Amino acid sequence: MDDRMNKGDKEAMEKEENATVATDDEPEINYRGWKAMPFIIGNETFEKLGAIGTLANLLIYLTTVFNLKSITAATMINVFNGTTNFGTLVGAFLCDTYFGRYKTLGFATAASFLGLLAIQLTAAIPELHPHRCAAKESGECEGPTAGQLAFLLTGLGLMIVGAGGVRPCNLAFGVDQFNPKTEAGKRGIDSFFNWYFFTFTFAQMVSLTLIVYIQSNVSWAIGLGIPATLMFIACVVYFVGSKIYVKVKAIGSPMTSVAQVIVVAIKKRKLKPVEQPWLSLFKYIPPKSINSKLPYTDQFRFLDKAAIVTPQDEIKGDDGSPADPWRLCSLQQVEEVKCLFRLLPIWVSQIMYCVTLVQLHTYAVFQAVQSDRRLGNSNFKIPAASYVVFMMLSLTIFIPVYDRAIVPFLRKIRGKDGGITILQRIGIGMFVSIFTMLVSGMVEQHRRSIALTKPTLGVVPRKGAISSMSASILIPQFILGGLTEAFASIGLIEFYYKQFPENMKSIGGSLFYCGLAGSNYFSSLLIFIIHRTTNRTATGNWLKEDLNKGRLDYYYYIIAGLGILNLGYFLLCASWYKYKGNSDNTPELELPVNGEKQQSDKP
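Labelled according to an unreviewed UniProt entry, the protein chain appears under the name BEACH domain-containing protein, originating from Gossypium stocksii. Taken from UniProt, the Sequence similarities (unreviewed entry) comment for the protein chain reads in full: "Belongs to the major facilitator superfamily. Proton-dependent oligopeptide transporter (POT/PTR) (TC 2.A.17) family." What UniProt states about the protein chain under its Subcellular location (unreviewed entry) heading is, verbatim, "Membrane".

Here you go:
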């Protein structure tokens, strides 16, 4: 009986998912739902395996195969990641304005494949990388020629193009395949998000273990060839399903409306503010707008002037819209721009917070290189880049614990649906990031002390002696890094998603990546300043090629100190912030629930 009911439910869901939807103004849409998922999720899985499989160990590749110095390689990785993350903003704009998600994803996946292929060729063809370095300690080695470096940068550039198109579009394209107006479609969207993050976790696990091991211990040519092959499979899988995809056309960038409000506010800057702006300002909402109606807020009141009606402004009689949107904007448009402006101070705090995550993917790997990475009493060495997997495991394990145990507990104590607000969750993550850097500094101090006072385990070419400290002692700082992501990074993604107007969701997703980009660039600047400043001091360069001769622990402590200042700045911004849809004029930290204002916990 149950089997028959389940079968019937499945058939009903498939019929509901596959239902065609048509309006008077739009052609019918045939939603295929889960029938399109094997192609989309398959593409996602192989694409992530390809990209992460190459990038996870790229730092070691640059220092061992291309013979770059550690500081040069770390800077190159930071600039590459920063440019990649900023590229998502360009990708989101081009997707929304011109090409649509289907074409953008197809082009970006192909570009990623060509980029991975180019990087693989630098390992497979001897003429495309420098000669193997024979120096045993900190000696100089032959670096890459201009042509070799140009070929490598071409591959990285193609990967930037690919990531710029994939990251802002992949989730949205999967959601496009489900009918959002049916219950089956809504359940399908929720399930798709779960499957998406599962594939991302799976790709990280495989990349940080199996692929990294092949690259470090078997062959770089084979280890980089596997990701390139997987990316080629991703391209094939994606285009095979082309006939059944729902392909939403580009409808124009929402940033045009933002630009109109700013331009009109500047044009009308000499106008006097109106009394009772919530009643006097021009009100108009397009009939096809997907954005929820926003109440008036008294922040950034200089933008209100964009919605003041003057005798020169003409309004169409048929639908009440402004004749020239570059001379008059609606109150709704103004409030949408205010949402964006309110987010920017919080976004600035993300830049400093994410600097901690950058170190865990760069200098923490160098710590592992000069530590004892043997597994037990065997001669098997864990690849240095594989220790980052503990960060991902910490994040993956903690999320269900937080969702199923901590949130219900806090809900009972505080009587609030979410247990804590989004901004409070972000603040906790920023606090944990400070603790992460303090622990990293203490571990590095211990590792260096053992390397200088006790017998070492050999020498890393061009770096220095290997400390007898077990690299497993590095695991706590990676676990703390996973916890800070579970609180702050996920909180920031949720914050941007919920606080942006509905038609700016792709821009909101890009904003998180832009914050990561800012962190990469700031980290590069910080490395440059520390390197130049400490090179002339009595203690010597803190960021030497040989960590035993440097003071990486001091560098970590500086980041922790900057994190404390950043946390104070964030708390000020959070106390001033008003959540979208809250018309109360009192600054607060609480998230409105069902349109009602919660009481603040502040004294």
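Text resumes after the structure shown.
Asks: Describe the overall build of the protein chain, naming the residues involved and giving the relevant values.
Replies: From N to C terminus, the protein chain includes 18 helices and two strands. Within the protein chain, the proportion of its 603 residues that are buried is 53%. The long-range fraction of contacts in the protein chain, counting pairs at least 24 apart against all pairs at least 6 apart in sequence, stands at 78%. As presented, the protein chain carries roughly 28100 Å² of accessible surface, and 63% of it is formed by carbon and sulfur atoms.

Asks: Any chance you could break down the pattern of salt bridges for me, citing the residues and the numbers?
Replies: Per the stated rule, a full pass over the model turns up 12 salt bridges. The shortest N-O distance in the salt bridge between Asp313 and Lys268 comes to 2.8 Å. Within this pair, whereas Asp313 is found in the loop between helix H10 (277-280) and helix H11 (331-353), its partner Lys268 is found in the loop between helix H9 (255-267) and H10, the two being separated by 45 residues in sequence. Judged by relative accessible area, Asp313 falls into the buried class, the value being 10%. The closest approach of N and O atoms between Asp313 and Arg327, which form a salt bridge, is 4.0 Å. Note that Asp313 is positioned in the loop between H10 and H11 and Arg327 in the loop between H10 and H11, a separation of 14 residues in sequence. Because the salt bridges share partners, they merge into one network encompassing Glu44, Glu47 and Lys48.

Asks: Tell me what's going on with the environment of Ile527, and back it up with residues and numbers.
Replies: With respect to the helices and strands, Ile527 occurs in helix H17 (residues 505-534). Distance from Ile527 to Thr72, taken between C-alpha atoms, is 10.0 Å for residues 455 residues apart in sequence. Leaving out residues up to four positions away in the same chain, Ile527 has contacts with Ile71, Ala74, Thr75, Asn78, Tyr363, Leu543 and Tyr555.

Asks: Kindly report on the environment of Gly481, identifying the contributing residues and their values.
Replies: Inspection of the secondary structure assignment puts Gly481 in helix H16 (residues 475-499). Of the residues examined, Gly481 reaches a relative accessible area of 0% and is grouped as buried. With 47 residues separating them in the primary sequence, Gly481 and Ile434 have C-alpha atoms 9.9 Å apart. Setting aside residues no more than four positions away along its own chain, Gly481 makes contact with Leu357, Leu360, Met391 and Thr436.

Asks: Describe the nonpolar core, with residues and values.
Replies: Core analysis: the biggest nonpolar cluster contains 115 residues, and Tyr363, Leu423, Phe495, Tyr496 and Tyr555 have the highest contact counts within it. In this structure Tyr363 touches Ile71, Ala74, Ile527, Leu543, Leu552, Tyr555 and Tyr556, once residues within four positions along its chain are discounted. Listed in part, the 15 residues of the second largest apolar core include Ile40, Leu105, Val166 and Tyr238.

Asks: Describe the packing of helix H2 (residues 37-55) against helix H8 (residues 220-240), listing the residues and the values that go with them.
Replies: Between H2 and H8, the shortest axis-to-axis distance is 8 Å and the interhelical angle comes to 160 degrees. Between H2 and H8, the interaxial angle falls into the category roughly antiparallel. Judged by the twist between their axes, the crossing of H2 over H8 is left-handed. Across the interface between the two elements, Pro38, Phe39, Gly42, Asn43, Phe46, Glu47, Leu49, Gly50, Ala51, Gly53 and Thr54 from H2 touch Leu224, Pro227, Leu230, Met231, Ile233, Ala234, Cys235, Val237, Tyr238 and Val240 from H8. Looking at side-chain class alone, the contact of H2 with H8 contains 15 nonpolar, five polar and one charged residues.

Asks: How would you explain the packing of H11 against H16 if you had to name every residue and give the values?
Replies: In contact at an axis separation of 11 Å, H11 and H16 are set at 160 degrees when each is read in the N-to-C sense. In terms of orientation, H11 lies roughly antiparallel with respect to H16. Taken as a pair, H11 and H16 cross one another with a handedness that is left-handed. Along its contact with H11, which presents Cys339, Leu343, Ile346, Trp347, Gln350 and Tyr353, the element H16 presents Thr484, Glu485, Ala488, Ser489, Leu492, Phe495, Tyr496 and Gln499.

Asks: Account for the confidence of the model for the protein chain, with residues named and values stated.
Replies: Averaged over every residue, the pLDDT of the protein chain is 83; the share at 70 or more is 87%. Within the protein chain, the lowest mean pLDDT, 46, falls on helix H1 (residues 2-17), and the highest, 96, falls on helix H18 (residues 552-576). Residue range residues 1-14 is modelled with pLDDT below 50. Its contacts to residues more than four positions away, or to other chains, number two contacts. Counted against residues more than four places away or in other chains, residues 21-26, with its pLDDT under 50, gives eight contacts.

Asks: Any details on the packing of aromatic side chains? Residues and values, ideally.
Replies: A full pass over the atoms with the stated rule returns 30 aromatic pairs. Ring geometry for Phe86 against Tyr521: centres 5.8 Å apart, planes inclined by 20 degrees, an arrangement best described as stacked. Of this pair, Phe86 sits in helix H4 (residues 70-124) while Tyr521 sits in helix H17, and the two are 435 residues apart along the sequence. The class of Phe86 is partly exposed, set by a relative accessible area of 33%. Between Phe300 and Phe341, the aromatic rings sit 5.6 Å apart at their centres with planes inclined by 85 degrees, giving edge-to-face as the arrangement. Pair noted here: Phe300 is in the loop between H10 and H11 and Phe341 is in helix H11, with a separation of 41 residues, a long-range link. The ring of Phe366 carries the charged tip of Lys463 above its face, separated from the ring centre by 4.4 Å. Stacked on the ring of Tyr554, the Lys or Arg Arg551 has its end atom at 4.2 Å from the ring centre.

Asks: Talk me through unusual backbone geometry; I want residue IDs and the actual numbers.
Replies: One non-glycine residue with positive phi stands out, namely Gln276, at about 45 degrees. Mapping Gln276 onto the fold places it in the loop between H9 and H10.

The rules we used
Residues numbered from 1 in each chain as written. Predicted model: local features only at pLDDT ≥ 70, side-chain atom pairs only at ≥ 80, totals over all residues. Heavy atoms only, no water. UniProt positions renumbered as here; feature names shortened; annotations may be inferred. Helix = DSSP H or I, 4+ residues; strand = E, 2+ residues; numbered from the N terminus. Buried < 20%, exposed > 50% of the residue type's maximum accessible area, 1.4 Å probe, protein only. Contact = heavy atoms within 4.5 Å. Areas by Shrake-Rupley, 256 points an atom, 1.4 Å probe, with all protein chains shown as cover. Salt bridge = Lys/Arg side-chain N within 4 Å of Asp/Glu carboxyl O. Core = buried A, V, L, I, M, F, W, Y, C linked by side-chain atoms within 4.5 Å. Axes fitted to C-alpha atoms, helices over the stretch in contact; angles between N-to-C directions. Parallel < 35°, antiparallel > 145°, perpendicular 65-115°, else oblique. Left-handed = near helix turned anticlockwise from the far one by under 90°. Nonpolar A, V, L, I, M, F, W, Y, C, P; charged D, E, K, R; others polar. pLDDT = per-residue confidence, 0-100. Phe/Tyr/Trp six-rings, centres within 6.5 Å; stacked < 30°, edge-to-face > 60°. Lys NZ or Arg CZ within 6 Å of the ring centre and 35° of its normal.

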